[in-house]
Amino acid sequence: MSEWLVEEGIGEERAILLDCGHAIAARLRWPGGLEAGQVEDARLVARTANSRRGTARFACGEEALVDSLPHDASEGTVMRLAVTRSAIAERGRLKRAQARPSPEAPRPAPTLAEDLGARVVGRFPAGLWDDLFSDAWSGEVAFSGGALTITPTPAMTLVDIDGTLPPRELALAAVEPLAGALARLDLAGSIGIDFPTLPDKNDRKQIDGALERALADWSHERTAMNGFGFVQIVAKLRHPGLLHRIQTDRAAASARRLLRLAEQVSEPGALLLTCHPAVKAALRSDWLAELTRRSGRAVRIESDPALALDAAFAQAVPL
């Protein structure tokens, strides 16, 4: 029986859906910005002419696009809004959060444990999160005979399928790994999948059928495979997924992972964090204070420009 587990880390919350010892889905939350489920009063700072859309500024200073505005809502009006989607970072730009008017009482965004009905644990089973992080960092998921390369772009998330098998066999072999990657990397929104070109219509129908079975329990809409092997999937997007979080801000992702590694150091002594200078710059002072509080240790940081961004490590050293 599957169960959601949550680790409440420093600067982030991590969740995995555990099934028979395997992580079959994951979520990653970075608290701090506007998030889906949050209800708060905000000021309408702009309204699109002849439209029910506008822009509102929340108390934190972040702005959100607002839909379904009342006809009499004018600029400067303070109104109760429910956030329906977090801001989504992309290479070179940021898509603002989305919100709409709500009669509900103000409330903060739910934690992952609240949102998923999950059990909070001190630590996931060994290796599970490391594997997820590695797949999200590289954007590559290998399978027998081929691999998926997953790339976030401003238009959509693109999945390229490549390998050594004949085209039909490669496409069939990729279906199950693809379905697994969608859930484990928490992909949503518009997703384009570039299968090998299959000229035979019956072969394309076979892939469509395999996709339908593999994605039966995953809410989405999907096109049939076209003559060039392309399939488009659309799933509701409420928050940045694991792959998007990590690939659009690698230094911040590595900094949070480093704090998690530091919490797991069991040897006595002060904590020494060694990382690339960009990762050091991403370590916020309040996160380091929380690490000191949780661990009861002194914390030191050394930067090494020769280290890769994802090669940061933590160790105990003499006081």
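Bear in mind that the values here come from a model prediction, so they are computed numbers and not experimental data.

Undergrad: I would appreciate a short explanation of the sheet that holds strand β14 (residues 157–163) in the present structure.
TA: The strands that make up a sheet pair up through hydrogen bonds in the backbone, lying either parallel or antiparallel. Pairing in this open sheet of 6 strands is mixed, and the strands run β12-β13-β14-β15-β17-β16 from one edge to the other. In the strand order of this sheet, the two ends are held by β12 (140–143) and β16 (221–222), each with one partner. Where β12 meets strand β13 (residues 146–152), 4 bridges bridge the pair, whose relative direction is antiparallel. Residue pairing for β13: Glu140 is matched across the bridge by Thr149.

Undergrad: Please clarify how the side chain of Thr157 should be interpreted in this entry.
TA: Topologically, Thr157 is positioned in strand β14. With residues up to four places along the chain from it excluded, the contact list for Thr157 reads Ile150, Thr151, Pro152, Leu187, Ser190, Ile191, Gly192 and His244.

Undergrad: Looking at this model, I keep getting lost on the sheet that holds strand β2 (residues 13–19). Mind explaining?
TA: A sheet is described by the order of its strands in space; here 4 strands give the open sequence β3-β2-β1-β11, paired in mixed fashion. Edge positions in the sheet fall to β3 (22–29) and β11 (119–120), since each has one partner strand and no second. Of the pairings in the sheet, the one linking β2 to β3 comprises 7 bridges and is antiparallel in character. Looking across to β3, one finds that Asp19 is bridged to His22.

Thresholds, definitions, all that
Residues numbered from 1 in each chain as written. Predicted model: local features only at pLDDT ≥ 70, side-chain atom pairs only at ≥ 80, totals over all residues. Heavy atoms only, no water. Pairing = 2+ DSSP bridges. Helix = DSSP H or I, 4+ residues; strand = E, 2+ residues; numbered from the N terminus. Contact = heavy atoms within 4.5 Å.

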